[in-house]
Amino acid sequence: MTSTELTSEDREMAAPVGALSPVQSASSSRRSSMYQRDEQSDDKLPESAYYIIILDGCEHFCFGGLQGILLLYFMQYFHMSETDATADYHIFSSIYHFTPLVGAIIADGFLGRYSTIVILAIVYLIGAFILSITTIPKIGHMQLIGPVLGLFLIAVGAGGMKPCLSTFGGDQIPKSNMQLLNHLFSTFYLVTQIAALVSRTLTPLLRSDVQCFGYDCYPLAFSVSSCAILFGIILFIIGTPLYKRIPRKDNVIAQFAYIIWRALRNRIFRSKTETKEHLLYHADDKYSKVDIDEVRLVLRVLLLFLPNAVFQALQSQKGSRWTLQASLMSGNLGPLFTLQPDQMQVLSFALVLLFIPLFNRVIYPAAARFNWLLQPLQRIFLGLILTGIAFVIAAILQETIERKEDAVPVRYFTDVYNGYHCSISINSDIQLPVGNVKLQESKLSIASTCGNQTITYKLAKDKLCPSIIIIADENKTLSDSAIKLTPLTNPISRSRGVKQYALLRMAAFDNVTDALITITPNQYQFNVTGELEPTEYQTFLEATYRISTTNTNRTPYGSFYVRRTAVYTVLLVNHGENEIHTVLFEDVPPFTVHMFWQIFQYIFLASGDVLVNVTVLIFAYSEAPKRYKVIISSLWILTASLGDILVIVVAESHIARTQTGEFLFFAALMAFATYIFGMLAIHYEENRLFEDMDEPTEDQHLLTEQNTPH
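What you see is a predicted model; the values in this text were computed from it and never measured.

1. Topic: the overall build of the chain
Item 1. Summing up its helical and strand segments, the chain has 20 helices and 19 strands in all.
Item 2. The burial tally for the chain puts 59% of its 710 residues in the buried class.
Item 3. At a minimum sequence separation of 6, the contacts of the chain that also span at least 24 residues come to 74%.
Item 4. About 29100 Å² of surface is accessible on the chain, with carbon and sulfur atoms providing 60% of the total.

2. A word on the state of the cysteines
Item 1. Applying the stated criterion across every chain, the model contains two disulfides.
Item 2. Two residues, Cys422 and Cys450, share a disulfide whose sulfurs are 2.0 Å apart. The sign of the -75° torsion about the S-S bond sets the Cys422-Cys450 disulfide as left-handed. Taken together, the residues span a long stretch of sequence, with Cys422 in the loop between β3 (414-418) and β4 (424-426) and Cys450 in the loop between β7 (443-448) and β8 (454-458) at a distance of 28 residues.
Item 3. Since its relative accessible area comes to 12%, Cys422 is described here as buried.
Item 4. Along the chain, the cysteines that take part in disulfide bonds pair up as 1-2, 3-4, counted in sequence order.
Item 5. No disulfide involves Cys58; its sulfur sits 9.0 Å from that of Cys62, the nearest cysteine.
Item 6. You can call Cys58 buried: its relative accessible area is 10%.

3. Digging into the packing of helix α3 (residues 47-77) against helix α5 (residues 113-134)
Item 1. Contact pair α3 / α5: the axes reach a minimum separation of 12 Å and the direction vectors enclose 30°. Considered as vectors, α3 and α5 are oriented roughly parallel to each other. Considering how the two elements wind past one another, α3 and α5 form a crossing that is left-handed. Contacts between α3 and α5 pair Leu55, Glu59, Cys62 and Phe63 from the former with Ile117, Tyr124 and Ala128 from the latter.
Item 2. Partitioned by chemical class, the residues of the contact of α3 with α5 number six nonpolar, no polar and one charged.

4. Thoughts on the nonpolar core
Item 1. In this structure, Phe236, Met506 and Ile519 are the most contacted members of the largest nonpolar core, which totals 80 residues.
Item 2. Element by element, the count of residues in this core is highest for α3, at 16 residues.
Item 3. Among all residues touching Ile519, those that are not within four sequence positions of it are Met506, Tyr524, Phe526, Phe540, Tyr545, Arg546, Ile547, Ser548 and Phe560.
Item 4. Counting 73 residues, the second largest nonpolar core, distinct from the first, contains Ala104, Phe311, Leu351 and Leu384.

5. A look at the environment of Thr456
Item 1. Checked against the element boundaries, Thr456 lands in strand β8.
Item 2. Take Thr456: its relative accessible area is 61%, and that puts it in the exposed class.

6. Some details on the packing of α3 against helix α10 (residues 218-238)
Item 1. In the contact formed by α3 and α10, the axes pass within 9 Å of each other and the chain directions differ by 165°. In this view, α3 runs roughly antiparallel relative to α10, as classed from their interaxial angle. Helix-helix and strand crossings are classified by hand; for α3 and α10 the assignment is left-handed.
Item 2. The class makeup of the residues in the contact of α3 with α10 is 23 nonpolar, five polar and one charged.

7. Remarks on the sheet that holds strand β14 (residues 538-540)
Whether parallel or antiparallel, the strands of a sheet pair through hydrogen bonds between backbone atoms.
Item 1. Ordered in space as β14-β11-β18-β19-β16, the five strands form an open sheet in which the pairing is mixed. Both edges of this open sheet fall to β14 and β16 (555-557), since each of them pairs with a single strand only. On average, each strand axis in the sheet is tilted by 35° relative to the strand beside it, whichever way the strands run.
Item 2. Sheet topology note: the β16/strand β19 (residues 579-588) ladder contains three bridges and is parallel. Along β19, the bridge assignment pairs Tyr557 with His581.

8. Brief notes about the pairing of strand β13 (residues 524-528)
Item 1. By the alternation rule, side chains of β13 split into Tyr524, Phe526 and Val528, which are all buried, and Gln525 and Asn527, of which none is buried.
Item 2. Bridging between strand β12 (residues 515-520) and β13 involves five bridges; their strand directions are antiparallel. Bridge assignment links Ile519 to a residue of β13, and that residue is Tyr524.
Item 3. Turn length for the β12-β13 hairpin, with the two strands adjacent in sequence and antiparallel, is three residues, and the turn residue Asn522 shows positive phi of about 75°.

9. Digging into the side chain of Asp216
Item 1. Of note, Asp216 is situated in strand β2 (residues 215-216).
Item 2. We classify Asp216 as buried; its relative accessible area is 3%.
Item 3. In this structure the side chain of Asp216 is engaged in a polar contact, spanning 3.5 Å, whose partner is the side chain of Arg207.

10. Details of the packing of aromatic side chains
Item 1. Per the stated rule, a full pass over the model turns up 36 aromatic pairs.
Item 2. Aromatic side chains Phe665 and Phe666 sit 6.0 Å apart centroid to centroid with 75° between the ring planes, which places their arrangement in the edge-to-face category.
Item 3. Its relative accessible area of 0% is what places Phe666 among the buried residues.
Item 4. Connected via pairs of aromatic rings, a cluster forms that spans Tyr73, Phe74, Tyr77, Phe78, Tyr218 and Phe222.
Item 5. Arg245 extends its terminal NZ or CZ atom over the ring of Tyr114, reaching a point 3.9 Å from the ring centre.

11. Some thoughts on helix α15 (residues 346-368)
Item 1. Helix length check: α15 (23 residues) gives 31 Å between terminal C-alpha atoms against 33 Å at 1.5 Å per residue, within 8%.
Item 2. At Phe359, α15 shows its strongest bend, of approximately 50°.

12. Some details on the pattern of salt bridges
Item 1. As enumerated under the stated definition, the model contains nine salt bridges in all.
Item 2. Salt-bridge contacts for Arg207 lead to Asp216; the nearest nitrogen and oxygen are separated by 3.5 Å. In this structure, Arg207 and Asp216 share a single accessibility class: buried.
Item 3. For Arg296, the salt bridge identified is with Asp293, shortest N-O distance 3.8 Å. With a gap of three residues between them, Arg296 and Asp293 both fall in helix α12 (residues 289-305), about one helical turn apart.
Item 4. Residues joined by salt bridges that share partners form a network here, namely Arg207, Asp216 and Asp342.

13. Let's talk about the environment of Asn613
Item 1. Along the chain, Asn613 falls in helix α17 (residues 599-623).
Item 2. In sequence terms Asn613 and Ile380 are 233 residues apart; their C-alpha atoms lie 8.2 Å from each other.
Item 3. Polar contacts involving the side chain of Asn613 include one to the side chain of Asp609, which spans 2.5 Å.

14. Regarding the side chain of Ser641
Item 1. Positionally, Ser641 belongs in helix α18 (residues 629-653).
Item 2. Taking the relative accessible area as the measure of exposure, Ser641 reaches 3% and is therefore buried.
Item 3. For Ser641, the residues in contact, after removing those within four places along its chain, are Ser94, His97 and Phe98.

15. Here we look at the environment of Glu474
Item 1. Considering the arrangement of structural elements, one finds Glu474 in the loop between β9 (468-473) and β10 (483-488).
Item 2. The spacing of Glu474 and Tyr420 is 54 residues in sequence and 8.9 Å in space, taken between C-alpha atoms.
Item 3. Discounting chain neighbours no more than four positions away, the residues touching Glu474 are Ser481, Ala482, Ile483 and Lys484.

Thresholds applied
- Residues numbered from 1 in each chain as written.
- Predicted model: local features only at pLDDT ≥ 70, side-chain atom pairs only at ≥ 80, totals over all residues.
- Heavy atoms only, no water.
- Helix = DSSP H or I, 4+ residues; strand = E, 2+ residues; numbered from the N terminus.
- Buried < 20%, exposed > 50% of the residue type's maximum accessible area, 1.4 Å probe, protein only.
- Contact = heavy atoms within 4.5 Å.
- Areas by Shrake-Rupley, 256 points an atom, 1.4 Å probe, with all protein chains shown as cover.
- Disulfide = S-S within 2.5 Å.
- Axes fitted to C-alpha atoms, helices over the stretch in contact; angles between N-to-C directions.
- Parallel < 35°, antiparallel > 145°, perpendicular 65-115°, else oblique.
- Left-handed = near helix turned anticlockwise from the far one by under 90°.
- Nonpolar A, V, L, I, M, F, W, Y, C, P; charged D, E, K, R; others polar.
- Core = buried A, V, L, I, M, F, W, Y, C linked by side-chain atoms within 4.5 Å.
- Pairing = 2+ DSSP bridges.
- Polar contact = N/O pair within 3.5 Å; in protein donor to acceptor, adjacent residues only side chain to side chain.
- Phe/Tyr/Trp six-rings, centres within 6.5 Å; stacked < 30°, edge-to-face > 60°.
- Lys NZ or Arg CZ within 6 Å of the ring centre and 35° of its normal.
- Expected span 1.5 Å × (residues − 1).
- Bend = angle between axes of the 7 residues up to and from the residue.
- Salt bridge = Lys/Arg side-chain N within 4 Å of Asp/Glu carboxyl O.

Dropping the structure here:
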């Protein structure tokens with residue numbers, strides 16, 4: 001691949017995100033003198049910059065928190081299918097990544113950065129509070145209109161903050177001390193990463209471990225995110241007297257688009273015999289050759305961006321398809337903690353923070369000894385390959401999960417519940433106290449220990465055994481009543497039921513009949529009719545449940561924990577005259593694949609993230625004219641929007657019949673996009689018409705903002 005080596009200015013730009021290797025730091029004497037001045041200069045940021053950094057961190061906290069639980073919110077609260085929830089998730093993400101292009105136009109051409117931030121941050125806040133309030137059942141009535149409006153306003157508000165906040169922070173740095181830019185952008189990056197890590201860890205816990213209004217507490221989870229952005233806006237406005245505001249300049253985004261439009265218009269309506277060296281030169285009736293050549297250079301760089309839309313499509317799925325995959329797996333970490341599916345995304349952020357110094361200090365220097373990874377296009381190419389491999393690993397893991405789903409749930413034991421008035425013995429040598437135990441025998445001879453009553457029962461070995469055998473009195477009025485034996489069979493014979501949910505049914509014992517049972521959280525209802533007549537199975541989320549109300553005069557006691565993918569029966573038992581107790585039986589055990597198996601695919605995905613996201617804008621800035629760097633940034637964000645649209649198309653078109661097939665499809669698509677990128681990179685030649693040899697400019701902020709994973 002032919003490409004320019006990273007310049008000393010690029011190294012300085014990359015320093016906040018650790019993109020470059022120390023072996024590439026051969027700076028010119030001009031830069032060396034700058035570093036010497038930096039050692040003597042005051043490294044304290046202006047007070048105004050901290051207010052801006054805090055607002056940026058609060059926005060990342062808010063967005064990271066709501067994005068982390070958004071997919072499960074759609075599925076669990078509105079009972080959407082996996083496909084519909086994935087599509088809605090990526091529609092929001094696509095709009096969120098498209099609006100910064102509009103926000104940049106508004107800020108540069110109309111309102112200025114400060115006004116754009118304040119106005120659209122308030123729009124963001126309104127959207128966040130609408131989302132929080134409408135998740136309360138009595139207010140939102142479990143309708144989509146409120147949350148959709150809230151999410152739309154959040155996406156619109158983000159369009160004003162994402163392209164402006166770190167730029168506005170750069171405005172606060174005095175021109176006499178521009179070396180502080182590196183310190184500023186490093187602080188931006190650190191704060192946003194910590195905010196994203198904390199929110200994506202905390203918000204799923206608030207959702208799952210707290211119950212409110214009879215459901216998982218989505219209102220609390222979203223409200224915490226809303227309060228974060230409110231806090232950031234208040235501090236940002238408090239800092240208003242301290243801000244240095246630079247008057248808005250020409251709207252370069254509008255000029256860029258207008259040059260292209262004018263060239264196309266003139267090409268169509270001018271004489272067909274008139275030829276130009278390039279299509280864009282048809283705009284030479286209004287613009288100079290320098291203006292047109294700048295646009296040409298930007299378009300050459302943007303051509304390299306196109307294959308990266310596929311890369312963005314794969315990266316964005318850690319919050320959708322990979323979260324769905326985690327919801328099929330076990331997150332049990334022992335008695336103290338259960339890992340939630342939406343918490344696995346934290347791995348991506350943690351690994352990126354770990355890998356940036358690892359690549360900078362270990363991998364890049366080691367590769368440089370063999371003349372590898374010296375050029376940015378080589379790093380991007382490798383990053384695309386690793387991202388594709390991540391989805392191959394995800395497909396292998398998904399196939400393992402799906403095989404377990406399709407397995408016949410053979411039971412090699414049966415739960416026995418003794419409801420007889422005294423202890424019983426089994427096969428004369430096993431004594432069964434009151435309660436329940438597990439049996440693994442082919443023939444049972446059951447006898448009372450307080451009388452002469454006996455009964456026999458045969459268990460079918462190597463076949464689907466009954467879930468539960470209930471032993472009770474045939475006639476409770478007799479002191480030596482005959483033994484009554486009732487097996488409860490499990491109708492789940494070929495599959496384990498709904499994927500990311502558990503299945504649960506209820507059965508009543510000991511005169512607990514004609515009862516309407518309500519279980520919280522999430523307000524499940526069962527109508528229990530006859531004794532030992534199981535209800536139909538219902539889908540349950542993984543959580544700890546209890547009976548909240550009954551239509552009887554008895555008080556419910558006891559709670560039980562349900563694990564995803566398992567199948568359960570809850571037995572309602574009289575306890576005294578006024579109490580109902582619950583006994584949980586596991587009809588089919590949960591899947592045994594643990595969420596930690598996703599670590600391997602996250603390692604490859606995070607490696608690709610570091611190699612591509614941290615490198616691509618540095619390369620683009622080194623090639624593009626100075627005034628058009630905002631175009632590079634805005635259109636790079638737009639590739640994330642295109643990636644989300646690609647995921648929506650694939651999900652809704654059902655190109656693959658299984659999730660394994662969909663993962664492999666994306667891996668193949670990534671391989672194709674990598675090949676296209678490789679061909680473009682090989683034929684890419686340095687053709688820089690304009691050298692930007694000035695001191696680092698405010699546009700360097702874009703490295704930090706856009707290289708922050710979402």
